[in-house]
Amino acid sequence: MTAMSTPSALSSSVATDWQACGVSHVAVYGTLRAGGVNDIARLRPGMRMTGRTTLTGTLHDLGWYPGLCLQGSQQVLAEVYPLDPALEQVLDGYEGIWPQHTGEYTKRILTVPVAHADGRAHMLAVLVYEALPAAVQGTPVLNTSDWLTWYQTHKAPLQNRK
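Read on for a plain summary of the structure. Note that this is a predicted model, so its numbers are computed, not measured. (Residues numbered from 1 in each chain as written. Predicted model: local features only at pLDDT ≥ 70, side-chain atom pairs only at ≥ 80, totals over all residues. Heavy atoms only, no water.)

## What about helix 3 (residues 147-154)?
For clarity, the threshold we go by: Per-residue accessibility, obtained with a 1.4 Å probe over protein chains only, is compared with the maximum for each type, and a residue is labelled buried under 20%, exposed over 50%, and partly exposed between these values. Helix and strand assignments come from DSSP, with helices taken as H or I runs of at least 4 residues and strands as E runs of at least 2, each series counted from the N terminus. By construction, the arc corresponds to the directions joining the helix axis to the C-beta atoms. Distance and chemistry together define a polar contact, namely a pair of N or O atoms within 3.5 Å, with one atom able to donate a hydrogen and the other to accept it when in protein, and with adjacent residues in sequence counting only for side-chain atoms on both sides.
Every buried residue belonging to helix 3 is among Trp-147, Leu-148, Trp-150 and Tyr-151, and all of these are buried. Down the axis of helix 3, the buried side of the element spans an arc of 160°, and every buried residue falls inside it. The N-capping residue of helix 3, defined by a side-chain oxygen 3.3 Å from the backbone nitrogen of Leu-148, is Asp-146.

Pasting the structure below:
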């Protein structure tokens, strides 16, 4: 992930002020998922997944990570984790939103049904890092609901041959 930003992005302006989005959960669909190269639990030892959800949009192959545009009808698996401002600021750095706007992603707040391991489910407001249309233009659309499994079966074996 190189960057994520506002729709007017693709600039390299430096943000001087950072502001939390105000929600207490984040939904991750790519490398930040459990077992991914950027597994979110590595950022906060002891962090536990709140539950799972599906996000609706179009999933793109951006190389070693995915980009999800929230337009489209594809259902994409996401894991939901607790979020506080300190973690959000770190994630904004991963996604290229802060301290420098790179124009690849933007932050969206969605209210989604979250299924817990014990079978309970309820609606939660979650932060989602959405890929911007300019960032995914011309990239392959992935026909999968589970990016991590797709990556492990399609891309990781190729990298392990080197």
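## Side note on the pairing of strand 4 (residues 105-115)
Here is the rule: The pairing criterion is simple: DSSP has to find at least two bridges between the two strands.
Across eleven bridges, the pairing between strand 4 and strand 5 (residues 121-131) is antiparallel. Within strand 5, the position partnered with Val-114 by the bridge is His-122. With antiparallel pairing between neighbouring strands as the criterion, strand 4 and strand 5 make up a hairpin whose turn holds five residues, including Gly-119 at a positive phi of roughly 95°.

## What about the pattern of salt bridges?
As a reminder, the rule being used: Salt bridges, as used here, are contacts in which a Lys or Arg side-chain nitrogen is within 4 Å of a carboxyl oxygen on Asp or Glu.
Summed over the entire model, instances satisfying the criterion amount to eight salt bridges. Close ionic contact of Glu-88 with Lys-107 constitutes a salt bridge, the shortest N to O distance being 2.5 Å. In this pair, Glu-88 sits in helix 1 (residues 85-94) while Lys-107 sits in strand 4, placing the two residues 19 residues apart along the sequence. For Glu-88, a relative accessible area of 1% puts it in the buried group. Through salt bridges with shared partners, a single ionic network connects Arg-33, Arg-52, Glu-79 and Asp-146.

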